[in-house]
Amino acid sequence: MLEVKAPTPLKKLRGSKTVFLAGSIDMGKAIDWQTQVVNAFARDNVTFWNPRRSDWNSTWRQEITFAPFREQVEWELNALETADIIVVCFDPKGQAPITLLELGLHAKSMKPVIVCCPDGFWRKGNVDIVATKYHLDQVDTIEDMITALRSYI
């Protein structure tokens, strides 16, 4: 298993599937579900592209002209476009506007998209409708998301 965190250049293990971990971060306030998923595949030939970075600074200006912010967003967009599989996880305690955007951008993708949207997420109805319309794999727990992902690895 290889985990590549933003903004490290995207790379992968030979012969592995690449998985982008889209989902709630909420400026570091959301649960660290990404680590749980990565740890579940510690012995597998899989590469995870993880946008959660340890050096994120919540004071960064979220503007196209602010280089560190732009680098992060462009890294995420490139990883989403080139990943073999996208995992999308919503934390019911947050709003995850960027995750909603990412789901919308890739719901019609030809690649597998696995969505974990537990009860209590403020826009669960919207997520449910998108997942149903575009025949996405949808689960309610991180454990079920790991099981669904295992079927693609």
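Predicted model, so just to flag it, every value in this text is computed and none were measured.

**Q** So what's going on with the overall build of the protein? Which residues, and what values?
**A** Regarding its fold elements, the protein presents 5 helices and 6 strands. Mapped from its N terminus to its C terminus, the protein presents α and β elements in the order β-β-α-β-α-β-α-β-α-β-α. Against the globule reference of 15 Å for 153 residues, the protein gives a C-alpha radius of gyration of 15 Å, in line with a compact fold. The C-alpha extent of the protein, read off along each of the three principal axes, is 40 × 35 × 25 Å. Relative to its 153 residues, the protein shows a buried fraction of 43%. Long-range contacts, defined as pairs at least 24 residues apart, comprise 71% of the intrachain contacts of the protein with a sequence gap of at least 6. Carbon and sulfur atoms provide 53% of the accessible area of the protein, an area that totals close to 8,300 Å². Both charge centroids of the protein, one from 18 positive and one from 19 negative side chains, sit 4 Å from each other.

**Q** Tell me about the sheet that holds strand 6 (residues 137–139), residues and numbers included.
**A** Overall, parallel pairing links the 6 strands, which are arranged 1-3-2-4-5-6 in an open sheet. Of all strands in the sheet, those bounded by a partner on one side alone are strand 1 (2–5) and strand 6. On average, each strand axis in the sheet is inclined to that of its neighbour by 20°, with strand direction left out of account. As paired elements, strand 2 (residues 17–23) and strand 4 (residues 85–89) share 5 bridges and run parallel to each other. For Phe-20, the partnering residue across the bridge sits in strand 4 and is Ile-86. Lying over the sheet, helix 1 (residues 33–40) contacts strand 1, strand 2, strand 3 (46–50) and strand 4, oriented at roughly 160° with respect to strand 2.

**Q** Residue-level account of the packing of helix 1 against helix 5 (residues 142–150), with values.
**A** Axis separation between helix 1 and helix 5 bottoms out at 10 Å; the angle between their running directions is 40°. Of the possible angle classes, the one that applies to helix 1 and helix 5 is oblique. Two packed elements cross with a definite hand, and for helix 1 against helix 5 that hand is right-handed. Note on element contacts: helix 5 touches helix 1 through Ile-142, Glu-143, Met-145, Ile-146, Leu-149 and Arg-150, opposite Trp-33, Gln-36, Val-37 and Ala-40.

**Q** Requested: an account of the packing of helix 2 (residues 67–82) against helix 3 (residues 97–106), with residues and values cited.
**A** One can describe the packing of helix 2 onto helix 3 by two numbers: an axis separation of 11 Å at closest approach and a directional angle of 35°. As for how helix 2 packs across helix 3, the hand of that crossing is right-handed. Every residue of helix 3 that contacts helix 2 at Glu-76, Leu-77, Leu-80 and Glu-81 is listed here: Ile-98, Glu-102, Leu-105 and His-106. Class assignment of the residues belonging to the contact of helix 2 with helix 3 gives a composition of 4 nonpolar, 1 polar and 3 charged.

**Q** I'd like to hear about the packing of aromatic side chains, residue by residue, with values.
**A** Applying the stated criterion across every chain, the model contains 5 aromatic pairs. Centre to centre, the rings of Phe-20 and Trp-75 are 6.3 Å apart; their planes meet at 45°, and the pair counts as tilted. Within this pair, whereas Phe-20 is found in strand 2, its partner Trp-75 is found in helix 2, the two being separated by 55 residues in sequence. Given the relative accessible area of 0%, Phe-20 is considered buried. Here Trp-56 and Trp-60 contribute two aromatic rings whose centre-to-centre distance is 4.7 Å and whose plane-to-plane angle is 65°, an arrangement assigned as edge-to-face. By the ring-pair criterion, three or more aromatic residues cluster together here, those being Trp-56, Trp-60 and Phe-66. A cation over an aromatic ring shows up here: Arg-150 above the ring of Phe-41, its NZ or CZ 4.2 Å from the ring centre.

Conventions used here
Residues numbered from 1 in each chain as written. Predicted model: local features only at pLDDT ≥ 70, side-chain atom pairs only at ≥ 80, totals over all residues. Heavy atoms only, no water. Helix = DSSP H or I, 4+ residues; strand = E, 2+ residues; numbered from the N terminus. Rg over C-alpha atoms; globule rule 2.2 N^0.38 Å. Buried < 20%, exposed > 50% of the residue type's maximum accessible area, 1.4 Å probe, protein only. Contact = heavy atoms within 4.5 Å. Areas by Shrake-Rupley, 256 points an atom, 1.4 Å probe, with all protein chains shown as cover. Lys, Arg positive; Asp, Glu negative; His and termini not counted. Charge placed at Lys NZ, Arg CZ, Asp CG, Glu CD. Pairing = 2+ DSSP bridges. Axes fitted to C-alpha atoms, helices over the stretch in contact; angles between N-to-C directions. Parallel < 35°, antiparallel > 145°, perpendicular 65-115°, else oblique. Left-handed = near helix turned anticlockwise from the far one by under 90°. Nonpolar A, V, L, I, M, F, W, Y, C, P; charged D, E, K, R; others polar. Phe/Tyr/Trp six-rings, centres within 6.5 Å; stacked < 30°, edge-to-face > 60°. Lys NZ or Arg CZ within 6 Å of the ring centre and 35° of its normal.

Take it as geometry only, folks, not as evidence of what the structure does.
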